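Structural overview
Residue-level listing of the chains:
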Amino acid sequence: MNPFLIRAAGRARAVLPTRADFAVMGRDPRRDLLAGLTVAIVALPLALGFGVSSGLGARAGLATAVVAGALAALLGGSNLQVSGPTGAMTVVLVPIVARYGPGGVLTVGLLAGVLLVVLALLRAGRYMSYVPAPVVEGFTLGIACVIGLQQVPNALGVDRPEGEKVLLVAWRAVVEWAAQPDWTAVGLSTGVAAVMLLGARWRPTVPFSIVAVVAGTLLVQVFGLRGAASIGHLPSGLPAPSWSFLDLSAVGSLLAPAVAVAALAALESLLSATVADGMTVGQRHDPDRELFGQGIANLAAPLFGGVPATAAIARTAVNVRTGASSRLAALTHAAVLALIVFAAAPLVSEIPLAALAGVLLATAVRMVEVGSLRAMARATRPDAAVLVLTAVATLVLDLVYAVIVGLAVAGALALRAVAAQARMDQVDLRPDLPGEHGDEEHALLAEHIVAYRLDGPLFFAGAHRFLLELSEVADVKVVILRMSRVSTMDATGALVLKDAVEKLNRRGIAVLASGIRGGQRQVLESVGALPLLRYEGREYATTPEAIAGARRYLERAGLLPHRRPRAHPIRKAPR
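Just so it is clear, the model here is predicted, and its values are computed rather than measured. Each chain has its residues counted from 1, running along the sequence as written. Per-residue local features are limited, in this predicted model, to residues with pLDDT of at least 70; the limit for side-chain atom pairs, both in listing and counting, is 80 or more; totals at the level of whole chains, interfaces and linings are taken over all residues. With hydrogens and water stripped out, all remaining heavy atoms of the structure feed into the side-chain values.

**Some thoughts on the environment of Arg-172**
Relative to the assigned elements, Arg-172 resides in helix α8 (residues 166-179). Any two residues whose heavy atoms approach within 4.5 Å are treated as being in contact. What Arg-172 contacts, discounting residues up to four positions off in sequence, is Pro-161, Glu-162 and Gly-163. Secondary structure counts use DSSP, requiring at least four H or I residues in a row for a helix and at least two E residues in a row for a strand, with both numbered from the N terminus.

Shown next, in the form of structure tokens:
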């Protein structure tokens, strides 16, 4: 059989669930069922709100929570993860809706699902752990700000103005409201947000989001308040699976948005799984399987009119805190929401948009961990700079671009810090001089030989500093480079070292090296620098050997007197 097909089959089996994953679902079903019910109550207003915010409507949010939530729970890599529509994904979808319409969003979700499955088969999940904490914190802060700004039109009770930039849309909504202010929607959204935030401090286990939404809906219905538009007609049940939205001619133009959606889904899902692991003992997620589960969920959700989905950190945290121990809790959450879709759609249709805006405003506020932000800002200046830059880029630019900017700046600052650790120090020859030397001979050696110890990495970020320092060496005949403490070297570092050695050789200064490691020897050999660091075809393993070679060079140059071999005493043979 083809080896490629064997490897592909092995990778496919690695991302599929096993019997052991489902066996744990029967250990404590009562706790899992209760946790799933609690999460469903918390998720209902969020699913409705994010569906409305995405531009595809409340029904799309519910369809996503049901379909994607069930499939991701079955096939994902975490026992505790809860998936569905999220605020971060909504931020990405709004400009896609504005540019390509609802069909474009569904096509993007389908393409993103394919990309996630490919990432899972390529075992790319492990690389998400390399995202620096300041980038994550800045990304979360920026998303919270964007979610809050997206709710401004519904919170003020005005129609959403045209535009893709959230800052501009929010400002236009404020101007429109100021022209004819109506405090009904403002009071309703503010009240719902206040009940959620204050109630969470008073009784964290009570789902105050559903309490506030029900109270707000009853208030509007009983008193007939104007200025608080409701969700509107919400059909019962899920639509039949359909491919009618797929326009193959538009796939090329939608590929870039699909890459952004897939990247965001992968990042948010794996971060959520990591948070869930940290909140429990003994639970560890499989990143590649998690990507596979999210990919299948995003392949299926658009067929039922759902938006692209990802794991939800807030709902996952509620799931863990209420005692969930297996996938049964997330499956119960999806089943309860499906029951609501089929049985209570007319009641859900009466929920005011301002109440959902209040839910999402409170969610945005709770996303911001002030303690974590303060600690990150106080850690180091580079960490604070990366955090602020990522948050601002998230608010002003596209989310994926914001992550790329954050990673690029964090990487550049990290390289700068690593390069700053590299040093080149002049060292005394005396401890390494072979044999016995008098003060006069040592003075002659010190006059003609200088030794430098290289410490740390010698790579592109800081290698040119060594070129300047070595090029300034004067009034000596031999330079010895002690390289045993060089931690890493790349081609740029080797080329810079070669350049410095050639410049010194042209000035009549011989350069020897000692302590070159195996990996460094390969890099130096590849750029032609290694022969320049050898004397008479020899490579010096230790500094004393390099000093002896330098002494022989100086003797032949007539700069040092030839040393006579030490006479060994003649031992008499025993009688």
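**Some points on the nonpolar core**
Throughout this description, the term nonpolar core refers to a set of buried Ala, Val, Leu, Ile, Met, Phe, Trp, Tyr and Cys residues connected via side-chain atoms within 4.5 Å. Relative accessible area decides the class of each residue, using a 1.4 Å probe on protein chains only: under 20% of the type maximum gives buried, over 50% gives exposed, and in between gives partly exposed. In this structure, Leu-44, Leu-48, Leu-62, Leu-93, Ile-96, Val-261 and Leu-337 are the most contacted members of the largest nonpolar core, which totals 87 residues. Broken down by element, this core gets its largest block of residues, 14 residues, from helix α5 (residues 87-121). Setting aside anything within four residues of it in sequence, one finds Leu-93 in contact with Ser-54, Val-105, Val-261, Val-307 and Pro-308. Residues Leu-454, Met-489, Ala-494 and Val-523 belong to the second largest nonpolar core, which totals 28 residues.

**Here's the deal with unusual backbone geometry**
The backbone of Arg-123 sits at a positive phi, close to 60°, despite the residue not being glycine. A residue is classified by how much of its surface remains accessible, and Arg-123, at 34% relative accessible area, is partly exposed.

**Thoughts on the environment of Leu-512**
Within the element layout of this structure, Leu-512 appears in strand β7 (residues 510-514). Along the primary structure Leu-512 and Val-479 are separated by 33 residues, whereas in three dimensions their C-alpha atoms are 6.2 Å apart.

**Quick look at the packing of helix α4 (residues 58-75) against helix α12 (residues 287-300)**
Only the stretch in contact is used when a helix axis is fitted, and all axes are lines through C-alpha atoms; the angle between N-to-C directions ranges over 0 to 180 degrees. The contact between α4 and α12 brings their axes to 8 Å, and the two run at 150°. Relative to α12, α4 is oriented roughly antiparallel. Here the hand of the crossing between α4 and α12 comes out right-handed. Along its contact with α4, which presents Val-67, Ala-68, Leu-71, Ala-72 and Leu-75, the element α12 presents Arg-289, Phe-292, Gly-293, Gln-294, Ile-296, Ala-297 and Ala-300. Under the convention adopted here, Pro, Cys and the residues Ala, Val, Leu, Ile, Met, Phe, Trp and Tyr are nonpolar, Asp, Glu, Lys and Arg are charged, and Gly plus all remaining residues are polar. Of the residues belonging to the contact of α4 with α12, the class tally is nine nonpolar, two polar and one charged. Any angle from 65 to 115 degrees is called roughly perpendicular, while one under 35 is roughly parallel, one over 145 is roughly antiparallel, and all others are oblique. Two helices crossing with the near one rotated counterclockwise from the far one by less than a right angle form a left-handed crossing, whereas a clockwise rotation gives a right-handed crossing.

**Concerning the packing of helix α17 (residues 370-379) against helix α18 (residues 381-396)**
Look at α17 against α18: their axes get within 5 Å of each other, and the N-to-C directions meet at 130°. Relative to α18, the element α17 is oriented oblique. Judged by residue contacts, Leu-373, Met-376, Ala-377 and Ala-379 of α17 engage Asp-383, Ala-384 and Leu-387 from α18. Taken together, the residues of the contact of α17 with α18 break down into six nonpolar, no polar and one charged.

**A few points about a nonpolar patch on the surface**
On the surface, Leu-167, Val-388, Val-392, Val-396, Leu-397, Tyr-401 and Ile-404 cluster together into a nonpolar patch covering about 650 Å² of accessible area. Listed by contribution, the elements that provide at least two residues to the nonpolar patch are α18 and α19 (399-420). The leading source of residues in the nonpolar patch is α18, at three residues. Note on placement: Val-388 falls in helix α18. For patch detection, residues must exceed 30% relative accessible area and be free of salt bridges, and they are connected within 9 Å for like charges or within 5 Å for nonpolar side chains (Val, Leu, Ile, Met, Phe, Trp, Tyr). Per-residue and other accessible areas were derived by the Shrake-Rupley procedure at a 1.4 Å probe size, with only the shown protein chains allowed to occlude residues. Salt bridges are counted wherever a side-chain nitrogen of Lys or Arg sits within 4 Å of a carboxyl oxygen of Asp or Glu.

**A short note on helix α13 (residues 313-321)**
Owing to its 3.6 residues per turn, the α-helix brings residues three or four apart onto one side. Those residues of α13 that fall on the buried side of the exposure criterion are Arg-315, Thr-316, Ala-317, Val-318, Asn-319 and Val-320. Contacts from the buried residues of α13 go to α3 (29-54), β1 (83-84), α11 (251-278) and α14 (328-343). Positive backbone phi, approximately 100°, marks Gly-323, located one or two places after α13.

**What to know about the packing of aromatic side chains**
Each aromatic pair joins two rings of Phe, Tyr and Trp (for Trp, the six-membered one) with centres within 6.5 Å, and gets the label stacked for planes under 30 degrees apart, edge-to-face for over 60, and tilted for any other angle. As enumerated under the stated definition, the model contains one aromatic pair in all. Ring centres 4.9 Å apart and planes at 90° place the aromatic pair Trp-177 and Trp-183 in the edge-to-face group. Taking relative accessible area as the criterion, Trp-177 reaches 14% and is therefore assigned buried.

**Quick notes on the pairing of strand β5 (residues 478-482)**
Taking burial as the measure, the five residues of β5 include five buried ones, the bulk of the element. Of the two faces of β5, the one holding Val-478, Ile-480 and Arg-482 and the one holding Val-479 and Leu-481 are both buried throughout. Bridge count for strand β4 (residues 449-458) against β5 is five bridges, and the pairing is parallel. Bridging across to β5, Arg-453 finds its partner in Arg-482. Two strands form a pair only when DSSP identifies at least two bridges running between them.

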